[in-house]
Amino acid sequence: MASPNDCLRIIEEAAGGRLSDDELEDLLTELQRIRKARISAGQLHDLEQAMFDAAEQIAGDVALAAQIEKRNRLINAVKQADLMALAKRADGAMDDPSMGLEAAMVGVNSPFAEGRASVDALTNGMLREYMGGLIADLRAGKLLSLFNSGQLSREIARELWDLSLPEPKGNATNSKTAKAIASAIHKYRRAAVQRENRAGAYIRFRSGYVTRQSHDMARMRRAGKEAWAREVAPKLDWETMGIEPDARAAFLNSAYEVLTTSVRKGQGPENDLMFAFKGPGNLAKKESASRVLLFKDADAWFDYNETFGRKSLNEALMDDFRRSAQATAIMSRFGTNPGAMFDKIRTELKEAYRSNPQKVDRLNRMTLDWQWAEVDGSVNIAGNHTLASIGRTTRAIQSMAKLGGAFLSSISDIANVAGERRYQGRSIVDSWGDALRAPFDGLAAGEDKKRLGELIGVGIDGALGDFVSRFAAQDDAPGKVSKLMALFFKLNLLGPWTDAVKRGTGLMMSRDLGMEAGKAWADLPDRMRRSLAQYGMDARKWEVARLAAKDHDGKVYMLPGEVDTARGAPFTGLDDRQQQALRDEVKDALFAYINDRADFASPTPGARERALLRYGMPPGTPQGEAVRFLMQFKSFPVTVYSKVFGRDLYGHGAKNLRGALLRGEGDLQGLAAFIAGSSMLGYFAMQSKEIAKGREPRTGDPVDLVTASFLQGGGLGILGDFLLGETSRFGDSPIEVLAGPGVGAVSDALEVFQRFRAESFRGEPPDVGAALMRLAQSNLPFANLFYTQAAMNYLVFYHMQEAVNPGYLRRHERRIKRENNQRYFLPPSSVAGR
């Protein structure tokens, strides 16, 4: 009979001496476990063959691990050379090699080659490729609304489970609709995994899988360890997990502790709950893998997720795509061990520039660490999940209570679109024509145009829930809070507006590329060629991209997804692997270009801006939560300065601010046009908000009006119009603008409490009703939607204010007249006054 030692010899021969003593010992333990389990189960008739089969499988994995290791070394050598070359280009363009690292992580505005081919832009492009394609397919099959409703979640889970089997049965449910939705999801998930593998991963689909499992710590803690264990134990596939009956209690105890504290050993790719990976780092190490919960069927997974999961099926699926896109993008720029590569390149650059202290100081700056925390995701790992959850929910409430007029403020996007179109090569007149047309084209887009937009990844922010990041880029709020926020930003019109602006602008860019597809790289307009080069496009890649131009209703659009079908002369002399690599690079560049530039047109914070807002501090820590509260609602002005001002100042080759402003190296004409245009639109937004409040338009000193319009248009961001009036552009007081609305709410509550205590101490009846009512009104979600605010005030709040504080409304009217020279169309005191 074969012994574990006999089998171990087979593995040692395959390993060729590459395994350490510890790894060999772990393998021996694993073989003994297999032998013991089969003996305990009475499976003795084929024990010898089973042992040899297990040994041969592990031996095959050892050989495969060696091939993966060799491939990874080659990939990393190429990436290292690419990153050093990028730093050299950055040094030539900006006298700052650190900008090469910044370009690879989050992108820069300087127009050198690959300056915006960042991890962030690639992640965004890939996510929109997968999700846009999925949304387009579901829409074409009239399945999108049903998928979004969540009504068929259990049936979809069963179908996804079946599709993951080596031989799908095809009869998991009787629902043709669920099967069609699951097939579409499976199509793009498989494409995402294949793309990740080509970037350097080695992922094998696990048989019997729905999607990445999330765990709600609060639910688990409320249930307690014993109740959780009783619930989950019968749902697990213990045999596949390789855990014997006498070890299961200890496993569940350990798993509960891990899942309710997030403290585990050996975190890394091998712990990914979605896939089984066999590689040199985890070939024989079962400790981390043993904490993966494998369910025995789709219903077991779904029931557990309903009881203890943190995300709905739809949210979990999107999270899978997001994680896959991020992993692919970071490996595409930094190789298969990204963190080590980042440190290595930084060290080598400091050594290379050690004779220049200023450049070494730039390489040591903390901003680079903050940016790395954004692109590798570590900034999102909560220190304390309870504290993080409280903070997220509080900020979400503040967003829903304060951003009812965000759509009116966002009208200045028209100026941003004009500036972006001018940067892409349009004249001032044509760029403003495009800008005025873009949102209306996006809003009026029929099914065909919506599908085109989805295929290039634009106009889907509402589906991704990303529109909220324009004003609150610090949080990811899953579950019920996420659904409430999605509803709020749909009702306040910011979601539809953002989708329309990006859809209209993205389709224009796709059309521009399609119109130029007949030209060689050297014949492209200078500004188009410059912009494309920032995302990694060159002459050879352009020849491939030209093949993605497709006719649609008599117009030619360049659709990045069509690159997958490209064949012909540009691939001459390349083997299959090289051809696919070239297609991947071209497709990634096109998706990144269109979507990143759309984020300039409708200013949306990326990783660069989030790094400036979060300082690399994770949620659920005192400093991380403080930063998130302090920076709430600051993302829009930060993004305007980083992207819009940065593009016009540095996007034409200026090395520094002096050169941009004094030597004419910046586009000062474009910047002036943006300031003038955004100020005009700011005037319109300011007066629209006054009318929405039931007031006459503001009048008075022209200088004050011009300045206020400039502020409303986004020109000075967080200073807001409270410098000239009563509130900021979002309706907040100065303390809320500078310290964040959460801090402002706490300050207001403390003021009420102190007043109550002081009056009680003096023996006077506490008179805090009016202050309490104002506090409640200013923090009530959905109460300040710009088109219902006046009605709510006249029907409800003015009456309540006058009831608790007689004479308040007349005093308020006098103050508005004195400070802003305004009157109400219908004075509140005439409706609710005494």
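Use the structure listed above.
Colleague: Would you mind going over the overall build of the protein chain with me for this structure?
Modeller: Looking only at helices and strands, one finds 40 helices and 4 strands in the protein chain. Taking the intrachain contacts of the protein chain between residues at least 6 apart in sequence as the baseline, contacts between residues at least 24 apart amount to 74%. Summing over all exposed atoms, the protein chain offers an accessible surface of approximately 35800 Å²; the carbon and sulfur share of this is 55%.

Colleague: Sorry if this is basic, but what is going on with helix α33 (residues 668-692) here?
Modeller: Helical periodicity: at 3.6 residues per turn, an α-helix aligns residues three or four positions apart in one direction. Helix length check: α33, at 25 residues, gives a terminal C-alpha distance of 35 Å against a target of 36 Å (1.5 Å per residue), a fit within 8%. Just beyond α33, the residue with positive phi is G694, at close to 90°.

Colleague: Please explain helix α34 (residues 702-712) as it appears in this structure.
Modeller: Along α34, the residues classified as buried are L705, A708, S709, F710, L711 and Q712. Those residues of α34 that are buried are in contact with α33.

Colleague: I keep staring at the packing of helix α15 (residues 338-352) against helix α17 (residues 366-375) and nothing clicks. Help me out?
Modeller: Describing two packed helices takes the angle between their axes plus the distance from one axis to the other. Here α15 crosses α17 at 165°, and the two axes come no closer than 12 Å. When the interaxial angle is binned, α15 and α17 end up roughly antiparallel. The chirality of how α15 crosses α17 is right-handed. Contacts from P338, G339, F342 and R346 in α15 reach L368, D369 and W372 in α17. Tallied by class, the residues present in the contact of α15 with α17 amount to 4 nonpolar, 1 polar and 2 charged.

Colleague: Would you mind going over the packing of aromatic side chains with me for this structure?
Modeller: Note on aromatic pairs: each is described by the distance of the centres and the angle between the planes. Using the criterion set out here, one finds 18 aromatic pairs in the structure. Between the aromatic rings of W228 and Y256, the centroid separation amounts to 5.7 Å while the plane-to-plane angle is 55°, which identifies the pairing as tilted. Taken together, the residues W228 in helix α10 (residues 225-232) and Y256 in helix α12 (residues 248-261) connect sequence positions 28 residues apart. On the accessibility criterion, Y256 (10% relative accessible area) is buried. For the pair F786 and Y787, a centre-to-centre distance of 5.1 Å together with 90° between the ring planes defines the contact as edge-to-face. One aromatic cluster is present, built from ring pairs that chain together F407, W497, F786 and Y787. The ring centre of F629 lies 4.7 Å from the NZ or CZ of R395, which sits over that ring. We note K643 situated over the ring of F600; from NZ or CZ to the ring centre the distance is 5.4 Å.

Thresholds, definitions, all that
- Residues numbered from 1 in each chain as written.
- Predicted model: local features only at pLDDT ≥ 70, side-chain atom pairs only at ≥ 80, totals over all residues.
- Heavy atoms only, no water.
- Helix = DSSP H or I, 4+ residues; strand = E, 2+ residues; numbered from the N terminus.
- Contact = heavy atoms within 4.5 Å.
- Areas by Shrake-Rupley, 256 points an atom, 1.4 Å probe, with all protein chains shown as cover.
- Expected span 1.5 Å × (residues − 1).
- Buried < 20%, exposed > 50% of the residue type's maximum accessible area, 1.4 Å probe, protein only.
- Axes fitted to C-alpha atoms, helices over the stretch in contact; angles between N-to-C directions.
- Parallel < 35°, antiparallel > 145°, perpendicular 65-115°, else oblique.
- Left-handed = near helix turned anticlockwise from the far one by under 90°.
- Nonpolar A, V, L, I, M, F, W, Y, C, P; charged D, E, K, R; others polar.
- Phe/Tyr/Trp six-rings, centres within 6.5 Å; stacked < 30°, edge-to-face > 60°.
- Lys NZ or Arg CZ within 6 Å of the ring centre and 35° of its normal.

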